[in-house]
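Residue-level listing of the chains:
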Amino acid sequence: MNPFRRSPFVIVATILVYIFLYAPIIGLVLYSFNASRANVTFEGFIPAYSQNVVMDGSLVKSSPCGPFHWYCELAKNGDVAEAAGNTLTIALVATIISTVIGTMAALALQRYNFKMKPFSQLSLYIPIVIPEIVMGIGVLTLFSQFFGWVNEAFNLVGDGRLSLGIATVTMSHIAFMVPFVTLVVQARLQGFDKSYEEAAMDLGANEWATFRRVTFPMILPGIMSGALLAFTLSLDDFVITFFTNGPGSTTLPIYVYGLLRRIITPQVNALSTVWILVVFMAVLLLQILQNRDSKQHL
Amino acid sequence: MSFGRRSPDGNVIYTFTLDNYTRLFGYSTNCPDGQASCYDPLYVNILGRSLSLAFNTTLFVITLAYPLAYFIARAHPKQRNMYLFMVLIPLWTNFVIRVYAWMMLLRKEGAINIILGWIMNLLHIPFTPLEMLYTPGAVLVGMVYEFLPFMILPIYTSLEKIDVSLYEAAADLGANAVKTFLRVTLPLSMPGVVAGTILVFIPVMGTFIVSDILGGRQVILVGNLIQRQFLDARDPTFGSAASLILMIMTLVVTYFYTRKFGFGEEIVVA
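Here's what I pulled together on the structure shown here. Per chain, residue numbering runs from 1 following the sequence as it is written. For naming, the first written chain is A and the first written ligand is 1, with later ones following in the order written. Two thresholds apply to this predicted model, a pLDDT of at least 70 for residue-level local features and 80 or more for giving and counting side-chain atom pairs, whereas whole-chain, interface and lining totals are computed over all residues. Side-chain metrics in this entry use all non-hydrogen atoms of the structure; hydrogen atoms and water are not considered.

**Digging into empty space enclosed by the protein**
Then, in step 1: Cavities and pockets are found on a 1 Å grid laid over the protein atoms alone: a cavity is a set of points where a 1.4 Å probe fits but cannot escape, a pocket is an open set with protein on both sides within 12 Å along at least five of seven lines, and a lining residue has an atom within 4 Å of such a point. Grid points are joined across faces, edges and corners, and a volume is the space filled by probe spheres set on the points. In total, this model carries one cavity of 30 Å³ or more according to the counting rule given.
Then, in step 2: In this structure, the largest cavity encloses a volume near 40 Å³.
Then, in step 3: Around the largest cavity, the lining residues are Pro24(A), Gly27(A), Leu28(A), Tyr31(A), Ala101(B), Met104(B), Leu105(B) and Ala111(B).
Then, in step 4: Helix numbers and strand numbers start at the N terminus; a helix is a DSSP run of H or I with at least 4 residues, a strand a run of E with at least 2. Contributing elements (two or more residues each) for the lining of the largest cavity: helix H1 (8-31) of chain A together with helix H4 (95-106) of chain B.
Then, in step 5: Top contributing element to the lining of the largest cavity by residue count: H1(A), with four residues.
Then, in step 6: In the scheme used here, Gly and all other residues not listed as nonpolar or charged are polar, with Ala, Val, Leu, Ile, Met, Phe, Trp, Tyr, Cys and Pro taken as nonpolar and Asp, Glu, Lys and Arg as charged. For the lining of the largest cavity, the class distribution of residues is seven nonpolar, one polar and no charged.

Dropping the structure here:
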């Protein structure tokens with residue numbers, strides 16, 4: 001029996017599921033070129049280039065950017081730039097910190113036996129088995145109570161008051177990302193051969209040198225994939241950010257959500273398209289890097 | 001905090017009261033016919049609706065994910081990465097953006113109604129655009145779409161591990177394709193299904209964006225209830241009670257489910 005044999009049923013079902021996965025995305029991209037500002041029906045592409053934007057009712061007749069009118073509008077939108085900056089800052093800072101903490105936790109759980117170990121291991125699954133909204137309101141409550149006490153105790157007023165913002169969002173992201181990083185690094189450590197470390201110690205390396213020259217390079221791929229997972233989780237996070245953000249710390253998902261509840265112009269579609277393209281490039285790059293990596297090891 | 005009370009100006013008074021829980025399970029003091037208390041199923045209905053939506057979503061997701069995962073696992077090893085890559089792209093597109101995409105498709109003027117209109121026109125059947133947005137069905141479709149990749153990946157992982165020689169053995173022993181699937185493939189892929197179910201069921205229980213955008217005011221889930229108590233109604237004590245109940249519900253379901261089928265180690269791989 002040919003192991004790669006597939007029944008027609010499976011093939012048809014697969015094609016249908018792929019259509020289901022991609023149809024919404026294709027529609028989204030198409031509407032980003034919509035001539036209609038109202039964006040309810042697709043009124044065709046914007047037909048012409050011109051010095052200034054020419055409108056006919058809610059239809060864009062011509063624009064300096066032609067069919068890419070909404071992308072140009074997007075580039076001029078300061079709110080989007082600010083939200084994108086916030087998103088990246090939060091993701092970068094939170095990824096670095098949570099990767100360091102997560103790696104240390106994974107190493108500690110691997111090497112040492114301590115009283116709370118089973119509990120610590122189990123608690124890593126908390127973000128997986130508890131709905132995100134519960135975490136979200138949890139950190140919100142924690143921050144607002146704590147800030148309330150501090151503000152009262154130190155008589156902080158006006159701008160000096162502690163309030164929700166980029167710092168609280170970053171801290172919350174770190175809190176929910178650490179377990180994921182730990183689990184990924186742990187998976188990598190499982191196949192780790194301790195004799196390499198022992199050999200290094202026998203050859204006179206101290207603990208730090210052993211870690212830096214032997215352990216760290218060997219578990220680096222695990223750390224990198226943990227960091228990558230953390231980074232994408234942070235970029236994509238809506239729920240926890242939704243509860244912990246404050247004025248000036250809007251991220252892109254929050255910004256888009258806000259737009260969806262008010263007026264929707266094709267600008268939202270243009271933003272989504274750019275986002276999808278960036279993600280596509282990132283995943284592609286990652287695949288190429290991984291392929292190269294695995295070829296080197298062969 | 002869920003045992004506390006809300007002060008008139010929206011702050012939390014820390015006492016010990018079960019009022020929030022009795023209110024959640026239907027005890028009401030706000031009765032139409034002048035009674036002191038009566039049964040108001042509003043919140044019980046919300047809890048029930050969330051549970052049944054989560055069950056239905058999980059069932060649909062398994063049905064859609066299994067053939068695709070099977071296809072990828074049976075594909076030529078060189079092509080597998082490409083097929084997986086194609087599953088990852090929609091997953092990495094932002095959650096909110098994916099809901100928005102469905103909002104555009106399901107609208108009265110949206111693509112689905114346009115295509116249905118063409119088909120009906122060809123068949124000469126009179127057609128009025130369907131009202132699909134802001135219905136429970138729209139929320140179900142949105143949830144299935146959002147969480148489909150979370151089921152495909154773990155099922156694929158467990159299918160891929162199955163040794164090809166097992167199929168050969170089954171064939172040698174006279175099993176036909178259906179029997180091989182039921183007796184060999186399906187049992188061996190159960191860890192993936194279990195892991196996928198955990199990754200789908202729990203988030204569906206707590207999500208409020210999908211129901212908020214695709215369900216409008218028609219479909220209110222526990223997630224929406226909690227969000228509103230915290231951000232609009234300013235009664236965090238009632239919101240806390242609701243989230244505690246939500247947490248208990250997901251933990252109980254997960255516990256019994258994993259006890260029956262075992263805990264899927266595929267969770268970490270995904």
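**Quick notes on helix H3 (residues 77-92) of chain B**
Then, in step 1: Look at H3(B): 23 Å from first C-alpha to last across 16 residues, which is about the 22 Å you get at 1.5 Å a residue.
Then, in step 2: Each residue is placed in one exposure class: buried if its accessible area under a 1.4 Å probe, protein chains only, is under 20% of its type's maximum, exposed if it is over 50%, and partly exposed if it falls in between. Those residues of H3(B) that fall on the buried side of the exposure criterion are Arg80(B), Tyr83(B), Leu84(B), Phe85(B), Val87(B), Leu88(B), Ile89(B), Pro90(B) and Leu91(B). A helix is expected to span 1.5 Å multiplied by its residue count minus one.

**Re the interface of chain A and chain B**
Then, in step 1: In this assembly, 61 residues from chain A lie in contact with 65 residues from chain B.
Then, in step 2: Between chain A and chain B, the buried area comes to about 6,000 Å², and carbon and sulfur atoms account for 78% of it.
Then, in step 3: Take a side-chain nitrogen of Lys or Arg and a carboxyl oxygen of Asp or Glu: if they are within 4 Å of each other, that pair is a salt bridge. Inspection of the chain A/chain B interface yields zero salt bridges.
Then, in step 4: Definition of a polar contact: a pair of N or O atoms within 3.5 Å, with one able to donate and the other able to accept a hydrogen when the atoms are protein atoms, and with sequence-neighbouring residues admitted only if both atoms are side-chain atoms. Here chain A and chain B share six residue pairs in polar contact (both at pLDDT 80 or more) between them.
Then, in step 5: The dominant element in the side of chain A that touches chain B, judged by the number of residues it contributes, is H1(A), at 13 residues.
Then, in step 6: A class-by-class count of the residues in the side of chain A that touches chain B yields 46 nonpolar, 11 polar and four charged. Here, two residues are considered to be in contact whenever any of their heavy atoms come within 4.5 Å of each other. By definition, the buried area sums, over both parts, the 1.4 Å-probe accessible area that each loses when the two are put together.

**Considerations on the pattern of salt bridges**
All names here are of chain B.
Then, in step 1: Counted by the stated rule, this structure contains five salt bridges over all chains.
Then, in step 2: Here Glu 160 ties to Arg 80 by a salt bridge, and the two come within 3.7 Å at their closest N and O atoms. Taken together, the residues Glu 160 in helix H6 (residues 136-161) and Arg 80 in helix H3 connect sequence positions 80 residues apart.
Then, in step 3: Classification of Glu 160 as partly exposed rests on a relative accessible area of 38%.
Then, in step 4: On the basis of relative accessible area, Arg 80 is assigned to the buried category, the value being 14%.
Then, in step 5: Its salt-bridge partner being Glu 131, residue Lys 108 comes within 3.3 Å of it at the nearest N-O pair. You can see Lys 108 sitting in the loop between H4 and helix H5 (111-122) and its partner Glu 131 sitting in the loop between H5 and H6, a full 23 residues away along the chain.
Then, in step 6: Judged by relative accessible area, which is 39%, Lys 108 ranks as partly exposed.
Then, in step 7: Using a relative accessible area of 55% as the deciding quantity, one classes Glu 131 as exposed.

**As for the environment of Asp212(B)**
Then, in step 1: Among the secondary structure elements, Asp212(B) is positioned in helix H9 (residues 209-214).
Then, in step 2: Look at Asp212(B) and you get buried, because its relative accessible area is 10%.
Then, in step 3: A sequence separation of 123 residues divides Asp212(B) from Ile89(B), and the C-alpha atoms of the two residues are 24 Å apart.
Then, in step 4: For Asp212(B), the residues in contact, after removing those within four places along its chain, are Tyr257(A), Arg261(A), Asn224(B) and Arg228(B).

**So, a nonpolar patch on the surface**
Residues and elements named next belong to chain A.
Then, in step 1: For patch building, the residue pool is restricted to those with more than 30% relative accessible area and no salt bridge; the joining distance is 9 Å between like charges and 5 Å between nonpolar side chains (Val, Leu, Ile, Met, Phe, Trp, Tyr). The accessible surface values rely on the Shrake-Rupley method and a 1.4 Å probe; as for residues, cover is taken only from the protein chains in view. Nonpolar side chains collect at one region of the surface, where Leu 92, Val 93, Ile 96, Ile 97, Val 100, Ile 101 and Met 104 lie side by side and expose about 610 Å² of accessible area between them.
Then, in step 2: Position of Ile 101 among the secondary structure elements: in helix H3 (residues 78-111).
Then, in step 3: On the basis of relative accessibility, which here comes to 37%, the residue Ile 101 falls in the partly exposed class.

**Describing unusual backbone geometry**
Residue and element names in this part refer to chain B.
Then, in step 1: Backbone geometry places His 124, a non-glycine residue, at a positive phi of 55 degrees.
Then, in step 2: For His 124, the position within the fold is in the loop between H5 and H6.
Then, in step 3: Notably, Tyr 134 is not glycine yet its phi reads approximately 65 degrees, a positive angle.
Then, in step 4: Owing to a relative accessible area of 40%, Tyr 134 belongs among the partly exposed residues under this scheme.

**Observations concerning the side chain of Asn77(A)**
Then, in step 1: By secondary structure assignment, the location of Asn77(A) is in the loop between helix H2 (69-76) and H3.
Then, in step 2: Within the structure, the side chain of Asn77(A) is placed 3.0 Å from the backbone nitrogen of Asp79(A), a separation counted as a polar contact.

**What to know about the sheet that holds strand S3 (residues 59-63) of chain A**
All names here are of chain A.
Then, in step 1: Paired strands, in this sense, are two strands between which DSSP finds at least two bridges. Here we have three strands laid out as an open sheet, ordered S1-S3-S2, and mixed in their pairing. Each edge of the open sheet is held by one strand with a lone partner, namely strand S1 (48-49) and strand S2 (54-56).
Then, in step 2: Across two bridges, the pairing between S1 and S3 is parallel. Its bridge partner lying in S3, Tyr 49 is registered against Ser 63.

**A closer look at the nonpolar core**
Then, in step 1: Counting 126 residues, the largest nonpolar core has Phe238(A), Phe243(A), Ile72(B), Phe208(B) and Leu214(B) as its most contacted members.
Then, in step 2: Apart from the residues within four sequence positions on either side, Phe208(B) is in contact with Ile133(A), Phe238(A), Val239(A), Phe242(A), Phe243(A), Tyr257(A), Gly223(B), Asn224(B) and Gln227(B).
Then, in step 3: In this description, a nonpolar core means a group of buried Ala, Val, Leu, Ile, Met, Phe, Trp, Tyr and Cys residues linked to one another through side-chain atoms lying within 4.5 Å. Judged by nonpolar contacts, the second largest core, of 15 residues, contains Leu107(A), Ile174(A), Val185(A) and Ile240(A).

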